[in-house]
Amino acid sequence: MTQGRLTRRAVALGLGALPAAALLRAGPARAAPVTLRLSSSLPADPNSAHWLWYDRFAASLKAKTGDAVQVRYFPDNQLGKESDVVGSVKLGVVDMMISGSSIWSTLAPEIGVLDLGYLFPTMESAGPILDGPAGQQLDRIFSDRIGVKVLSWGYSLGGRNVTVREAAETPAAMKGKKIRVLPVANFVATLRAMGASPTPMSLGEVYTALQTGVIDGMEHDAPTILAIKAYEVAKHVTLTRHICNPQTIVIGNRAFNKVPAEHRDAFLASAAEATAFQRGQAAAIEAKALATLKGNGVGIHDCDRAAFRTLVTPLWDEFAKSYPATKPILAAITQA
């Protein structure tokens, strides 16, 4: 196209007398930034496992992509309760979610394998195992059965322990104690096998239930016990470490397709960097929380974990019989 014809075309398009040379230099328009929404049930707090991951992820993503891909964090269930958000991520209404793995068993019960008691000996052992064949098999369940992509497996801030009014260091001492649990099948089964009387309940109801004697205790990681001030009415933490289930960071398949192809490697690399950082912080945060609890007059008790584990491990075979697809996952975890 000659310069004269280019100038006449500019006038026809309403570009006035813009010089033809300037039109040639302008080049294609830049794509608009992609903004995704990430849902969390926890606060935007430095001691939150969710925020630890997101804060590092967002910083890494900005360094790698500028403002081309942005992820906004919605804490405290702002986008809905976890039980609702899992469906929203599947449908593409919400783009991303970070949560404990447990909630996803409502859409694919096989994922509940990660809630089996004493499956991982420590929180720190869960990461390398889930980075291997066991995690790859679980990734396929998320992808094929639910339609979401697992970006990575993060850590909870320590294993889950039992906080009670009176120390319970053996199955006999635990017997009959009403312990608040997450309303998930394998949490209930695990605490029952340990001798307790599991009581499913919303976390927001726990403090009052402890005050009024509706329950005798709760089970959770140390930072959460500290955050909700359960120690004010239940002065003993028994280090059962009965469940070390991971935090799961997922993105809906539709949402992942929104990420421009040229930025997908950077997006995945940022997720991996955030996971490594969060895992590296978890143990120190747990230790600090336990020290703070002790400073607040809470008794921190070790216990006979081998005795509890003996009672709980028969649940593994029962679960595998109910959900045969989990047999190779359990084999991969136990062999690792």
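Check the entry above for the structure.
This write-up is about the structure you can find in this document. All of these numbers come straight from a predicted model, not from anything done at the bench.

Two side chains bearing opposite charge may form a pair once their charged atoms approach each other closely. Taken as a whole, this structure holds nine salt bridges when the rule is applied. The partner of Glu-110 in a salt bridge is Arg-145, and the shortest N-O contact between them spans 3.0 Å. A residue pair is termed long-range when its members are at least 10 positions apart, and Glu-110 in the loop between strand S3 (96-100) and helix H5 (123-130) and Arg-145 in helix H6 (residues 133-146) qualify at 35 residues. Look at Glu-110 and you get buried, because its relative accessible area is 11%. For Arg-145, a relative accessible area of 43% corresponds to the partly exposed category. Residue Arg-279 pairs with Asp-131 through a salt bridge whose shortest N-O separation is 2.8 Å. Of this pair, Arg-279 sits in helix H12 (residues 264-295) while Asp-131 sits in the loop between H5 and H6, and the two are 148 residues apart along the sequence. Among the residues examined, Arg-279 registers a relative accessible area of 17% and is labelled buried. What emerges from the salt-bridge pattern is a single network uniting Arg-56, Lys-64 and Glu-273.

Within this structure, the stated rule accounts for nine aromatic pairs. Each ring, one from Trp-51 and one from Tyr-54, has its centre 5.5 Å from the other, and the planes form 45 degrees; the classification is tilted. One end of the pair, Trp-51, and the other, Tyr-54, are both in helix H3 (residues 49-65), three residues apart, so they sit about a helical turn from each other. For Trp-51, a relative accessible area of 22% corresponds to the partly exposed category. Here Tyr-54 falls in the buried class, since its relative accessible area comes to 10%. With a centroid separation of 6.3 Å and an interplanar angle of 65 degrees, the aromatic rings of Phe-256 and Phe-267 are classed as edge-to-face.

Turning our attention to helix H15 (residues 327-335). Taken residue by residue, H15 has Ile-329, Leu-330, Ala-332 and Ile-333 as its buried positions. Down the axis of H15, the sector holding all buried residues measures 160 degrees, keeping them to one side. Buried residues along H15 sit against H5, H6 and helix H14 (314-322).

Below, the discussion takes up the side chain of Thr-238. With respect to the helices and strands, Thr-238 occurs in strand S9 (residues 236-243). Its relative accessible area of 0% is what places Thr-238 among the buried residues. One polar contact links the side chain of Thr-238 to the main-chain carbonyl oxygen of Ala-168, over a distance of 3.3 Å. Sequence-distant contacts of Thr-238, defined by excluding residues within four places in its chain, comprise Asn-161, Val-162, Val-164, Ala-168, Glu-169, His-301 and Cys-303.

One can describe the packing of H3 onto H12 by two numbers: an axis separation of 8 Å at closest approach and a directional angle of 145 degrees. Relative to H12, H3 is oriented so that their crossing is right-handed. Residues Ala-49, Leu-52, Trp-53, Arg-56, Phe-57, Ser-60, Leu-61, Lys-64 and Thr-65 of H3 form the contact with H12, whose own contacting residues are Ala-266, Phe-267, Ala-269, Ser-270, Ala-271, Glu-273, Ala-274, Thr-275, Phe-277, Gln-278, Gln-281 and Ile-285.

So, on to H14. One turn of the α-helix equals 3.6 residues, which is why residues spaced by three or four share an orientation. Buried residues of H14: Leu-315, Trp-316, Phe-319 and Ala-320, and no others. Projected onto a plane normal to the axis of H14, the buried residues spread over an arc of 135 degrees and lie on a single side. Residues of H14 that are exposed and point over 90 degrees away from its buried face: Asp-317, Lys-321 and Ser-322. Those residues of H14 that are buried are in contact with helix H8 (185-193), helix H13 (305-312) and H15.

Conventions and cut-offs
- Sequence order as written defines the numbering, with residues in each chain counted from 1.
- In view of the model being predicted, local features appear only for residues whose pLDDT reaches at least 70, and side-chain atom pairs are presented and counted only at 80 or more, with totals across whole chains, interfaces and linings using the full set of residues.
- Water and hydrogen atoms were dropped before computing side-chain values, which therefore reflect all heavy atoms in the structure.
- Note on definitions: salt bridges are taken to be side-chain nitrogens of Lys or Arg within 4 Å of carboxyl oxygens of Asp or Glu.
- Numbering of helices and strands runs from the N terminus; a helix is a DSSP stretch of H or I covering at least four residues, while a strand is a stretch of E covering at least two.
- Only protein chains enter the accessibility calculation, which uses a 1.4 Å probe. A residue is then buried if its area is under 20% of the maximum for its type, exposed if over 50%, and partly exposed in between.
- The rule is short: rings of Phe, Tyr and Trp, with Trp giving its six-membered ring, pair when the centres are within 6.5 Å, and they are stacked under 30 degrees, edge-to-face over 60, tilted in between.
- This arc describes the spread of directions from the helix axis toward the C-beta atoms.
- We call two residues contacting when some pair of their heavy atoms lies within 4.5 Å.
- Counting of polar contacts relies on pairs of N or O atoms within 3.5 Å, with two restrictions inside protein: one atom must be capable of donating a hydrogen and the other of accepting it, and residues adjacent in sequence are counted only when both atoms are side-chain atoms.
- Every axis in this analysis is a line fitted to C-alpha atoms, fitted for helices over the stretch in contact. Angles between the N-to-C directions lie between 0 and 180 degrees.
- Left-handed is the label given to a crossing in which the near helix is rotated counterclockwise from the far helix by less than a right angle, and right-handed is the label when the rotation is clockwise.

As far as function goes, none of this settles anything; it's purely spatial.
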